[in-house]
Each structure stands twice: as structure tokens, then as C-alpha cells.
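Results of the structural survey
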Amino acid sequence: MRRLFSKIGLIFILLSMLAHTATAKASKNRFEFEDVKLGAEHIAIFVNKDGTFSTAVADVNTKTGGRLETALEDADYKGKFGNKLHLFGLSPYKSIIVIGTGSDDLSVRKLRDLGGYVAQVSNNDYGISVIAEGLNTTVEQSAAQLAMGYALSSYKFEKYKEKKTGKNRTVSFLSDGFAASKALYENDLSHIITGVRFARDMGTEPGKSIYPESYAQGVRELFKGVANVKIEVMGVSQMKRHNMGALLGVGQGSIHDPRLVIVSYMGGAKDEAPIALAGKGITFDTGGISIKPNTGQWQMKSDLSGAAAVAGTLYATAMRGDKVNLVGVMAMAENMPSRDAIRPGDVLTTMSGKTIEVMSTDAEGRLVLADAVTYVQKEYDPRLLIDIATLTGSAARALGADYGVVITRDWDLAEDMMRIGKLAGEDVWPLPLNKNHFKAISSDIADIKSTAGSPGASIGAAVIGTFVDEDRVWVHLDIAGVDWVTKATPTTPKGHAGWGVRFLDAVVREHHAAP
Ligand code: BES
Ligand code: ZN
Ligand code: MG
């Protein structure tokens with residue numbers, strides 16, 4: 001009987017997920033890339049810090065009979081980067097959005113921010129033409145980057161709202177090289193956007209509807225029809241066969257069984273070792289028997305952010321058809337207290353054979369990742385392994401919301417990650433990992449223990465590092481501080497950030513060829 005009910009429940013949830021896809025599509029803006037023409041009623045323009053106009057904006061000013069220039073002077077508008085102004089009544093235009101670009105050469109990141117600013121100002125009720133010509137940049141197809149920023153900034157999660165505000169509007173980006181911008185957007189950037197949207201959807205969706213199997217189903221749907229992709233969803237019996245005692249242990253207190261979701265995209269040479277991404281996928285983290293305090297507990301619905309970023313990145317890479325082999329493993333479990341749950345003090349035997357003494361059942365991310373990284377190394381022997389997890393409050397306290405924590409065994413690699421993050425628009429900053437952190441997790445009764453006080457982010461990394469081959473090129477990302485945004489940034493509205501898709505996508509692009 002219980003089984004029947006849970007089947008009906010699953011069907012219900014799958015149906016509601018389908019409905020969700022439809023609404024998400026309905027509230028998406030439609031982007032067009034066109035030649036510069038100045039006839040639209042609602043436009044957005046960019047103005048330099050010194051107030052000079054590009055040729056196209058000068059033409060707009062002429063059309064208004066010079067009143068645009070006067071309005072900017074009267075408003076004492078300086079065109080500092082990100083300065084926003086919304087002007088009305090300058091006929092023949094009904095509205096003009098003005099965004100300042102500052103005076104620096106505009107990077108990809110800044111272009112995306114500018115597109116995000118336009119989205120923040122633009123009214124939801126009508127379409128708009130963004131004049132993307134004449135910007136101070138050496139970035140090619142800059143209109144496509146503006147569009148990406150706009151798309152990321154205008155994300156909305158309205159599934160549970162009676163009144164949806166998102167409208168299906170047309171946003172046109174006008175530039176001379178519009179055909180190339182359209183191609184870049186459609187063949188590349190739009191796939192990253194879909195990946196970010198997926199991650200945000202998964203991180204925002206309540207724990208009631210996202211649990212390991214429904215997450216796996218969401219991944220199957222995301223990749224439906226995508227070429228060269230294989231999806232495996234490992235259930236409890238297979239995990240038992242692989243002796244994944246850590247992932248099984250974390251999942252055993254929940255009525256929803258754990259899953260290991262494996263997505264592989266083999267677009268590269270047959271004999272080339274892949275890049276592997278391993279994501280923490282706790283669909284809800286109550287803390288287990290070491291239960292969390294009430295404050296902010298609801299946010300633990302997004303404790304699968306690492307896994308969601310892995311899926312989003314694989315999607316973008318596969319849709320682009322990159323010549324690279326990439327595999328993602330997502331360790332999915334719900335961390336619940338119950339009579340069946342693991343206890344503090346329990347000892348779990350991992351797939352590697354090493355045992356872990358569980359000091360707090362709230363330090364569950366490192367446990368599920370221990371088995372995930374063991375599995376992916378054994379099965380795929382990756383040339384680069386990146387794990388990504390909302391692992392510790394310690395990471396969030398150390399770096400706040402501006403930087404994800406990056407931990408590596410190799411300083412050059414950490415520097416490389418900082419450089420890539422800066423380009424991608426998702427910054428990371430290093431914290432240390434040394435032999436003291438490994439010493440700290442020695443256990444009296446098992447091979448290691450799962451926690452050892454401060455510094456928490458490094459201790460967490462040491463636990464995962466215990467399961468990563470010493471000579472493996474390995475990057476650990478602790479995103480507990482960045483996965484949730486309380487104040488909107490230009491390209492991320494308040495709410496779940498979908499952090500990591502842009503970062504990991506940039507890493508994968510840079511590491512296409514084996515060194
Ligand atoms: N999911 C949490 C970490 C977290 C905290 C993510 C805040 C996002 C925001 C993780 O499972 C956890 O509970 N970590 C503990 C570890 C401790 C028991 C060693 C923590 O950081 O307090
Ligand atoms: Zn957690
Ligand atoms: Mg926890």
C-alpha cells in the first residue's frame with residue numbers, strides 16, 4: 001500500500017515538474033539580434049563616463065531633437081559603470097534606459113553586468129531594443145554577452161505564485177555584427193544560461209518535491225535528446241555492491257533512498273582521460289541526529305547546489321558539442337533524523353575500504369563525496385577532478401558572498417582557478433590544506449574522523465582529500481557562502497544563485513586539451 005502511494009506521489013511530482021518546465025518557458029524573454037535601427041518605442045542605450053555618445057546613440061539624441069543630451073545634463077548624469085537612469089517622454093521614444101559603462105575597456109564579465117543592469121531597469125510590460133553598437137570593448141560579439149547578462153538577471157521562479165509577472169517579451173540587441181552575435185548566443189551562451197536556470201530551479205525548489213529520485217528524473221529530462229550523453233542512476237542495491245557505506249549511511253534516515261547520478265559526455269578523443277566533476281547533492285539537510293537549529297533551516301533545501309552546478313555545466317558543454325570528455329557524478333541523499341538514521345559516533349566503511357567515524361551527522365557532505373570521488377577515480381581515472389559542495393558554514397564565514405572557497409594541493413592550480421573565476425564572473429579565493437589538517441582528522445577507533453573543529457573549511461577538504469589519489473590533479477570548491485544571494489548582483493537576482501555553472505564551464509573550456 002505504501003509503495004502504491006509513493007508511486008502515485010512520484011507521478012504527481014513528475015507531472016508538476018513538467019508543468020514547471022512549461023511555465024519556465026512561458027516566462028522566458030525572446031531574444032533577437034538585429035541590425036542597428038532606431039525606430040523602437042522603448043530602447044536602452046549605453047553612455048561612457050566622459051558622457052560621449054557612440055554614433056548610434058548620437059543618432060538617438062538627434063531623433064529626440066537633442067533633448068536626450070539635455071536630460072542627461074539636467075540629471076547630472078556621469079555614466080559611471082552601472083549608473084542607471086530611466087527616461088520618459090523623449091519622443092519619438094516612449095522610454096529610454098540609460099546605463100553607464102565607465103571608461104575602462106569592457107570585459108566579457110562587464111558586458112554581462114551591463115546586460116543585467118538593463119534587465120533590472122526594464123519594465124516587464126513591453127519589449128525593448130538594446131543599442132549594443134559602439135561600446136568601448138575589444139570583445140567580439142559583445143551583443144551576445146549583453147544578452148546573456150540580461151537573461152541571467154531576469155530569471156524568476158514563479159511556479160508557486162498565482163499571478164506570474166514574467167511575460168514573454170521580445171528583447172532585441174542591435175549591432176552591426178548581429179549575425180555573429182546571434183550565432184554565439186544560440187550555439188553557446190544560451191546553453192550556459194539553461195544550465196544556470198536548471199541549477200537555480202533545483203536549488204529553489206522545496207525539499208518536498210526534490211529528493212534523490214526526483215532530482216535524477218529532472219536530470220534525465222534536462223538531457224533528453226542531447227547527443228553523446230549517457231546517464232546512469234545508481235540505486236541502493238548497486239551502492240551496496242560497490243560498498244558505498246558513506247553515501248548509504250547519510251541516506252538511510254530518509255524515506256527517499258539515495259542515488260548516485262552519473263552523467264558522462266564523451267565528445268573528445270576516445271583514449272583521452274576525462275575531466276570529472278563531483279557534486280554534493282543533499283536534497284535537504286536537517287543535520288540528521290545532530291539536528292540543526294531552526295534559524296535559516298529552510299535554506300538547506302539548496303544543499304544540492306554542487307550537484308546542480310555539475311548538471312548545468314555538463315548540459316552546456318554537451319549542447320555546444322565541445323571536443324572534450326567530461327563526466328559528472330552527483331551524490332544525492334536526504335539528511336534526515338529518524339530511528340534508521342546514522343548516529344554520531346557511528347563508523348562507516350566507504351567504497352575505498354577506509355572507515356570514517358561520524359562525529360556529527362551534520363557533516364554529511366564530505367561523507368557522500370568520499371564515495372563519489374572514489375567511484376569516479378576508479379571508473380574514469382580523470383586527468384582533473386573537481387568537487388563542488390555547500391560544505392561548511394566556515395567557508396561562508398571566511399569569505400562571505402563574494403568568493404567561493406577553492407582548495408588545492410598545488411598553488412599554481414589555485415591561482416589558475418582565481419584567474420578563470422575572474423573571467424567567468426564567479427570569483428574564488430584559496431584557503432589552505434596541509435598535513436596538519438590531515439593530522440587533525442585522525443580517529444581513535446577508525447581510519448579518520450569526519451570533523452575536527454577549526455578551520456572547518458580546510459578540515460572538510462582534508463576529509464574529501466583522504467579519498468583523492470595523492471597525485472591526482474584535484475580542486476575542491478566550497479560554495480556554502482555563494483550559493484544563495486540575499487542582495488541581487490547585476491547577473492544574479494536575489495535567491496538561489498546557480499553558482500558554479502559559469503565557473504566550471506570556463507574551467508572545462510580552458511582544459512579542453514590534456515596538458
Ligand atoms: N550544508 C551544511 C553547510 C552549509 C551551511 C551550507 C550554511 C550553506 C549554508 C553542511 O552540511 C554542514 O552542516 N556543515 C557543518 C559542518 C560541521 C558539523 C563540521 C557546518 O558547517 O556547521
Ligand atoms: Zn549539508
Ligand atoms: Mg550538514
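Residues numbered from 1 in each chain as written. Chains lettered and ligands numbered in written order. Predicted model: local features only at pLDDT ≥ 70, side-chain atom pairs only at ≥ 80, totals over all residues. Heavy atoms only, no water.

Our focus in this paragraph is the site of ligand 1. Around ligand 1, a shell composed of 15 residues is seen, among which D285, K292, D362, E364 and G393 lie nearest. In the environment of ligand 1, an oxygen atom lies 3.1 Å from a nitrogen or oxygen atom belonging to the side chain of K280. Between ligand 1 and D303 there is a distance of 2.9 Å, counted from a nitrogen atom to a side-chain nitrogen or oxygen. The fraction of the free accessible surface of ligand 1 (520 Å²) that becomes covered by protein chains is 74%. Split into classes, the residues belonging to the shell around ligand 1 amount to three nonpolar, five polar and seven charged. (Near = heavy atom within 4 Å. Polar contact = N/O pair within 3.5 Å; in protein donor to acceptor, adjacent residues only side chain to side chain. Areas by Shrake-Rupley, 256 points an atom, 1.4 Å probe, with all protein chains shown as cover. Nonpolar A, V, L, I, M, F, W, Y, C, P; charged D, E, K, R; others polar.)

With that settled, consider the environment of I459. Mapped onto the elements of the fold, I459 is located in helix α15 (residues 456-465). Owing to a relative accessible area of 2%, I459 belongs among the buried residues under this scheme. Along the sequence, I459 and S172 sit 287 residues apart, while their C-alpha atoms lie 49 Å from each other. Here I459 is in contact with R366, H437, A440, I441, T451, A452, G453 and S454, once residues within four sequence places are set aside. (Helix = DSSP H or I, 4+ residues; strand = E, 2+ residues; numbered from the N terminus. Buried < 20%, exposed > 50% of the residue type's maximum accessible area, 1.4 Å probe, protein only. Contact = heavy atoms within 4.5 Å.)

In the first shell of the zinc ion (ligand 2), the protein supplies K280 (NZ), D285 (OD), D303 (OD) and E364 (OE), at 2.0 to 2.4 Å from the metal. All donor residues of the zinc ion (ligand 2) come from one chain, and their arrangement in sequence is K-x4-D-x17-D-x60-E. The magnesium ion (ligand 3) is placed at 3.2 Å from the zinc ion (ligand 2), the two being bridged by D285. Remark: E364 occurs in the loop between β12 (355-357) and α11 (365-380) and D285 occurs in strand β9 (residues 275-285); sequence separation between them is 79 residues. Each of the two residues, D285 as well as E364, counts as buried. (Donors = N, O, S within 2.8 Å, 3.2 Å for Na, K, Ca; no water.)

Here we come to the domain arrangement of the chain. Partitioning the chain into structural domains gives domain 1 (36-176) and domain 2 (193-511). For domain 1 and domain 2, the distance between their C-alpha centroids amounts to 37 Å. Contacts between the two partners involve 15 residues from domain 1 and, on the opposite side, 21 residues from domain 2. The junction of domain 1 with domain 2 conceals about 1500 Å² of combined surface from both sides, 58% of it contributed by carbon and sulfur atoms. Its largest share of buried area at the contact with domain 2, domain 1 owes to R109, L152 and Y155, together 48% of the area lost on that side. Counting the contacts that link domain 1 with domain 2 gives two salt bridges. (Domains from an automatic or database assignment. Buried area = accessible area lost by both parts, 1.4 Å probe. Salt bridge = Lys/Arg side-chain N within 4 Å of Asp/Glu carboxyl O.)

Attention now goes to the sheet that holds strand β3 (residues 84-88). Strands sit in the order β1-β6-β5-β2-β4-β3 across an open sheet of six strands; the sheet is mixed. The two strands at the open ends of the sheet, each matched to only one other strand, are β1 (30-34) and β3. Taking each pair of neighbouring strands and ignoring which way they run, the sheet shows an average axis angle of 20°. Bridge count between strand β2 (residues 42-47) and strand β4 (residues 95-100): six bridges; the pairing is parallel. Paired with F46 across the strands is I99, a residue of β4. Each of β2, β3 and β4 is contacted by helix α3 (residues 67-74), which is oriented at about 130° to β3, the strand it contacts most. (Pairing = 2+ DSSP bridges. Axes fitted to C-alpha atoms, helices over the stretch in contact; angles between N-to-C directions.)

A word on the side chain of T137. Along the chain, T137 turns up in the loop between β5 (128-131) and α5 (142-153). Here the side chain of T137 touches V139 through a polar contact of 2.9 Å, landing on its backbone nitrogen. Excluding its chain neighbours within four sequence positions, the residues that come into contact with T137 are D105, L106, L111 and S142.

Moving on: the pairing of strand β8 (residues 259-266). Where a strand is regular, its side chains alternate between the two sheet faces. Across the eight residues of β8, seven count as buried, placing the element largely inside the fold. Where strand β7 (residues 229-234) and β8 come together, six bridges link them in antiparallel fashion. Following the sheet pairing, M234 is matched in β8 by L260. Pairing of β8 with strand β10 (residues 325-335) involves eight bridges; the strand directions are antiparallel. For V261, the partnering residue across the bridge sits in β10 and is M330.

Let's shift gears to the nonpolar core. Membership of the largest hydrophobic core comes to 85 residues, with the highest contact counts inside it found for F31, F173, Y185, Y215, M330 and L477. With nine residues, helix α10 (residues 305-320) is the largest single contributor of residues to this core. Domain assignment of the residues forming this core places at least three in each of domain 1 (36-176) and domain 2 (193-511). Excluding anything up to four places from it in sequence, Y185 contacts F31, F33, A144, A147, M148, A151, S190 and I193. With 49 residues, the next largest nonpolar core counts L247, V327, V329 and L367 among its residues. (Core = buried A, V, L, I, M, F, W, Y, C linked by side-chain atoms within 4.5 Å.)

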